[in-house]
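# Architecture at a glance
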Amino acid sequence: MRLGGPAGSAAAAQQVLAAAAQNSVTGSLEGDTLVTSKAQRAAIMQKLWARSKVICLRNMVEVDEVDSQLEEEISGECSKYGKVDKVVIATMDDPLHKGKKQVKIFVSFLDEHQAAAAVTALDKRWFAGKSVQASFYDQDRFNHNDFSG
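Here we summarise the structure given alongside this text. The model shown is predicted, which means the values in this text are computed figures rather than measured ones. (Residues numbered from 1 in each chain as written. Predicted model: local features only at pLDDT ≥ 70, side-chain atom pairs only at ≥ 80, totals over all residues. Heavy atoms only, no water.)

## Some remarks on the overall build of the protein chain
The helix and strand inventory of the protein chain stands at five helices and six strands. For the protein chain, the succession of helices and strands along the chain, N to C, is α-α-β-α-β-β-α-β-β-β-α. Buried residues in the protein chain amount to 36% of all 149 residues. Expressed as a percentage of contacts within the protein chain between residues at least 6 apart in sequence, the contacts between residues at least 24 apart total 61%. (Helix = DSSP H or I, 4+ residues; strand = E, 2+ residues; numbered from the N terminus. Buried < 20%, exposed > 50% of the residue type's maximum accessible area, 1.4 Å probe, protein only. Contact = heavy atoms within 4.5 Å.)

And the structure:
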């Protein structure tokens, strides 16, 4: 099973949902990647459905690397993909590592297409020796300063 272009992805998404409901996927998605786990299916579904003007960047910097220039650096880098409306740098407890903090960087663009260009360019990109995780973030959560997602 392969996903087509943006217009044709609705039918493919229905097939992915049906396969996910059965807890197995046969065939391949997005090129030759075989989907074998619930986590992979969840990641694919997020990319298919969760488009927003806001992106979240994870694993970019550690807490001690946050400084007064980081927001400007992020805004400058992300402006390559569109007009940056706002950058929020949030430090919070890391749910996977008790007692450790994590940094999430949220970037709001003027439209979804700009945000999509940024996610495509920044996801899995190396920054300061780390593989960045870029994904869309829920607009309502962002508007209500809920950075826990």
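## Notes on the nonpolar core
Core analysis: the largest hydrophobic core is formed by 22 residues, its most contacted members being I55, L57, I74, I105 and V107. Among the elements of the structure, β1 (54-58), α3 (70-78), β2 (84-93), β3 (101-109), α4 (112-122) and β6 (133-137) are those that each provide at least two residues to this core. The element that contributes the greatest number of residues to this core is α4, accounting for five residues. Beyond its immediate chain neighbours, meaning those up to four positions away, L57 contacts I74, C78, V103, K104, I105, V107, L122, V132, Q133 and A134. Residues A90, M92, F142 and F147 belong to the second largest nonpolar core, which totals nine residues. (Core = buried A, V, L, I, M, F, W, Y, C linked by side-chain atoms within 4.5 Å.)

## Focus: the layout of surface pockets
Approximately 320 Å³ is the volume found for the second largest pocket. If you trace the second largest pocket, you find 17 residues lining it, with R58, N59, D94, Q102 and Q133 closest to the centre. It is β3 that contributes the most residues to the lining of the second largest pocket, four residues altogether. Per-class residue counts for the lining of the second largest pocket are six nonpolar, five polar and six charged. (1 Å grid on protein atoms, 1.4 Å probe; cavity = no way out; pocket = protein on both sides within 12 Å on 5 of 7 lines; lining within 4 Å. Points joined across faces, edges and corners; volume = space filled by probe spheres on them. Nonpolar A, V, L, I, M, F, W, Y, C, P; charged D, E, K, R; others polar.)

## Looking at the pairing of β1
Burial of β1 is extensive: four of the five residues sit out of reach of the surface. Inspection of the sheet shows β1 paired to β6 by five bridges, in the antiparallel sense. Considered in β6, the bridge of C56 is made with S135. (Pairing = 2+ DSSP bridges.)

## Structural notes on the environment of H97
On the secondary structure map, H97 appears in the loop between β2 and β3. On the basis of relative accessibility, which here comes to 44%, the residue H97 falls in the partly exposed class.

## Some thoughts on the pattern of salt bridges
Side chains that carry opposite charge are capable of pairing whenever their charged atoms lie near each other. Applying the stated criterion across every chain, the model contains six salt bridges. Between E77 and R125 there is a salt bridge whose closest N-O contact spans 2.6 Å. Of this pair, E77 sits in helix α3 while R125 sits in the loop between α4 and β4 (126-127); the two residues are 48 residues apart in sequence, bridging distant segments of the chain. Salt bridges linked by common partners bring E77, K80 and R125 together as one network. (Salt bridge = Lys/Arg side-chain N within 4 Å of Asp/Glu carboxyl O.)

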